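The lines below spell out each chain.
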Amino acid sequence: MKSWLQLMFFPCVFLIWHTEAEFFTSIGQMTDLIYAEKDLVQSLQEYIRAEEKKLSQIKSWAEKMDILTSKSASDPEGYLAHPVNAYKLVKRLNTDWLELENLVLQDTTNGFIANLTIQRQFFPTEEDETGAAKALMRLQDTYKLDPETLSRGNLPGKSSLTVGDCFGMGKTAYNDGDYYHTVLWMEQALKQHDEGEDTTVSKVEILDYLSYAVFQFGDLHRAMELTRRLISLDSTHERAGSNLRYFEKLLEKEREEKEKEKSVNKTVTTTEAVVQSGAYERPLDYLPERDIYEALCRGEGVKMTPRRQKRLFCRYHDGNGNPHLLIAPFKEEDEWDSPHIVRYYDVMSDEEIEKIKELAKPRLARATVRDPKTGVLTVASYRVSKSSWLEETDDPVVAKVNQRMQQITGLTVKTAELLQVANYGMGGQYEPHFDFSRKDEPDAFKRLGTGNRVATFLNYMSDVEAGGATVFPDFGAAIWPKKGTAVFWYNLFRSGEGDYRTRHAACPVLVGCKWVSNKWFHERGNEFLRPCGRTEVD
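Residues numbered from 1 in each chain as written. Predicted model: local features only at pLDDT ≥ 70, side-chain atom pairs only at ≥ 80, totals over all residues. Heavy atoms only, no water.

Visitor: Give me the overall build of the chain: which residues, what numbers.
Guide: Along its length, the chain carries 18 helices and 16 strands. When the 538 residues of the chain are sorted by exposure, 46% land in the buried category. For the chain, restricting intrachain contacts to residue pairs at least 6 apart in sequence, the fraction spanning at least 24 positions comes to 74%. Taken as a whole, the chain presents about 29400 Å² of accessible surface, with 54% of it coming from carbon and sulfur. (Helix = DSSP H or I, 4+ residues; strand = E, 2+ residues; numbered from the N terminus. Buried < 20%, exposed > 50% of the residue type's maximum accessible area, 1.4 Å probe, protein only. Contact = heavy atoms within 4.5 Å. Areas by Shrake-Rupley, 256 points an atom, 1.4 Å probe, with all protein chains shown as cover.)

What follows is the structure, encoded as structure tokens:
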């Protein structure tokens, strides 16, 4: 028997991919698109005004000529008997109608089209639209939001999705071979269509994608039901007719096999089970701790017990007697006991934050990760943000912030990496990862010549309305962004061995704009500032 791939006909969409824009990876840079669209709307309004003025002139001419021709046509000889009327008729037909023709042919679109052409080169690409759609699906999965919640705008801000938007989401999933989300979004598009929402998308188009995606889950009964509904709307749909015949053959074969296996006593068959469940399961993916990670992002499964809470304290921190902090120590709060994670308050002022963002924004580029096999830096779907690196020579505020982190931690910034500034895009995230290099990638920081990353200092430069937590799946901690604060932890034990408990993640931003900056301190130069030891303790 031939495979379904050889026999099935399915809707095809071909995408042209671009790699240069990637607006969706940074909310900060996407703000430029708001102003570009506003400029286009103003240009469009100017075009409309010009067209309305032109139509007004044509309408006025038409009304005047209607009155005149009604009079002249009622008595042509009498009308032309007057020499002035005869002259004006000749003049109108030779000159005035030519002027009207020129007015009608006048192109008022030049200004708008010229502006649109200029702006278009900065427009998001097909890749941006795909990335934005996948971001919504990621938020949908992580925060357990059904399509209805997103489509109806039941989030802060109340922005809804049309039938066309839902259909576009479904098509993006379909083109990616993601039939789970294809079903969810095509069902939502169909629901809104059935409710009478005005749209240019036809039910036939929706049913075409939905029936095929449902078939991919082995739900033959529902696939046939949807295909029959499609054919009832468009009896000439060749693909649907072929698919229906193929579904019927498969169903007949399934029945025959059941008879042969004498399994008629089973209460529910595989296909029936899918139908009765009413939903399809989300496929497993590459991330082993996916469920734990996403639960923590939702604030679930945090292992902050009363016993652990009693071991957490607040204090004033003077950097172990650092002269600069004796008079004005920082407020330090324990976020976790083991591994020890602390939060510092009022680390950066609003003015410093705005200056850092101003310096970083023009340099933002898609954040990369190191391929463990090749060692080459590359973009990845599990890290959706843009980042830039700032040097102390860029502005005095950078040197000031670096010096402050050195005073707080007691570690030297001379061998630390540059200040990295990151802005998270739509559904921006960084899935569970280690900051330090493991034994299977010993050359990760070889070019720096400063050893491994001993510690991480993370500055939160914005509040986030919903989502965006920093979570640690290994021990069940969730730390929420607070503007002006910073969190600090050691990645290595005193023995120099990596602390694998510090595997952490930046949760997707559900609502808001997340800005952070961080400093990675390295081993070299800190041998006496944080002496090594034999035991693996914090």
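Visitor: Talk me through the side chain of lysine 519; I want residue IDs and the actual numbers.
Guide: Within the secondary structure layout, lysine 519 lies in strand 16 (residues 515-522). Looking at lysine 519, its side chain comes within polar contact range of the side chain of asparagine 402, at 3.1 Å. Sequence-distant contacts of lysine 519, that is, excluding residues within four places in its chain, are made with Asn402, Met405, Ala416, Glu417, Leu418, Leu419, Ala455, Thr456 and Phe457. (Polar contact = N/O pair within 3.5 Å; in protein donor to acceptor, adjacent residues only side chain to side chain.)

Visitor: Provide a residue-level description of the packing of aromatic side chains, including the pertinent values.
Guide: This model, assessed by the stated rule, comprises 21 aromatic pairs. A ring pair is formed by phenylalanine 167 and tyrosine 209, whose centres lie 5.6 Å apart and whose planes are at 80°; its orientation type is edge-to-face. Note that phenylalanine 167 is positioned in helix 8 (residues 163-175) and tyrosine 209 in helix 10 (residues 203-216), a separation of 42 residues in sequence. Just as phenylalanine 167 is buried, tyrosine 209 falls in that class too. Between tyrosine 174 and tyrosine 212 the ring centres are 5.9 Å apart and the planes differ by 65°, which places this aromatic pair in the edge-to-face class. A residue pair is termed long-range when its members are at least 10 positions apart, and tyrosine 174 in helix 8 and tyrosine 212 in helix 10 qualify at 38 residues. Chaining the aromatic ring pairs together yields one cluster made of Phe167, Tyr174, Tyr179, Tyr209, Tyr212, Phe215, Tyr246 and Phe247. Directly above the aromatic system of tyrosine 424 lies the positively charged group of lysine 514, at a separation of 4.7 Å from the ring centroid. (Phe/Tyr/Trp six-rings, centres within 6.5 Å; stacked < 30°, edge-to-face > 60°. Lys NZ or Arg CZ within 6 Å of the ring centre and 35° of its normal.)

Visitor: I'd love a proper account of the environment of threonine 130, names of residues and values included.
Guide: Looking at the secondary structure, you find threonine 130 in helix 6 (residues 126-142). According to the relative accessible area criterion, threonine 130 is buried, its value standing at 7%. Along the sequence, threonine 130 and threonine 172 sit 42 residues apart, while their C-alpha atoms lie 6.1 Å from each other.

Visitor: Lay out the layout of surface pockets in plain terms, naming residues and giving numbers.
Guide: Put simply, the largest pocket is a space of about 1200 Å³. The wall of the largest pocket is formed by 39 residues, among which Met30, Ala132, Leu136, Leu161 and Met426 lie closest to the centre. When residues in the lining of the largest pocket are grouped by element, the largest group, eight residues, is from helix 2 (residues 27-74). When grouped by side-chain class, the residues that make up the lining of the largest pocket number 23 nonpolar, eleven polar and five charged. (1 Å grid on protein atoms, 1.4 Å probe; cavity = no way out; pocket = protein on both sides within 12 Å on 5 of 7 lines; lining within 4 Å. Points joined across faces, edges and corners; volume = space filled by probe spheres on them. Nonpolar A, V, L, I, M, F, W, Y, C, P; charged D, E, K, R; others polar.)

Visitor: Break down helix 14 (residues 290-297) for me, with residues and values.
Guide: When you tally the buried positions in helix 14, you get six out of eight residues, the bulk of the element. Along helix 14, the residues that are buried comprise Arg290, Tyr293, Glu294, Ala295, Leu296 and Cys297. Buried residues along helix 14 sit against helix 6, strand 8 (419-433), strand 11 (470-472), strand 12 (477-479) and strand 14 (504-506). Just beyond helix 14, the residue with positive phi is glycine 299, at close to 85°.

Visitor: Explain empty space enclosed by the protein residue by residue, including any values.
Guide: Over the atoms, a rolling probe the size of a water molecule traces out where space has been left empty. Scanning the model with the defined rule gives one cavity of 30 Å³ or more in all. The volume enclosed by the largest cavity comes to roughly 220 Å³. Only strand 8, strand 9 (453-460), strand 14 and strand 16 provide two or more residues apiece to the lining of the largest cavity. A total of five residues in the lining of the largest cavity trace back to one element, the largest contributor, which is strand 8. Here the residues of the lining of the largest cavity are counted per class, giving ten nonpolar, six polar and three charged.

Visitor: Explain unusual backbone geometry to me, and be specific about the residues and the numbers.
Guide: Here the amide bond leading from serine 338 into proline 339 is cis, since omega sits at 0°, within 30 degrees of zero. The residue proline 339 is located in the loop between strand 2 (330-336) and strand 3 (341-344) in this model. With phi around 50°, lysine 144 is a residue other than glycine that occupies positive phi space. Take lysine 144: it is sitting in the loop between helix 6 and helix 7 (147-151). Unusually for a residue other than glycine, asparagine 320 sits at a positive phi of about 55°. Within the secondary structure, asparagine 320 sits in the loop between strand 1 (314-317) and helix 16 (323-326). Judged by its relative accessible area of 73%, asparagine 320 is exposed.

Visitor: Quick one: what's the story with the side chain of threonine 502, residue by residue and with numbers?
Guide: Here threonine 502 is to be found in the loop between strand 13 (486-490) and strand 14. On the accessibility criterion, threonine 502 (1% relative accessible area) is buried. A distance of 2.7 Å separates a polar atom in the side chain of threonine 502 from the backbone oxygen of aspartate 499. Excluding anything up to four places from it in sequence, threonine 502 contacts Pro339, His433, Phe436, Phe472, Trp489, Tyr490 and Asn491.

Remember, this is a structural readout, not a statement about activity or role.
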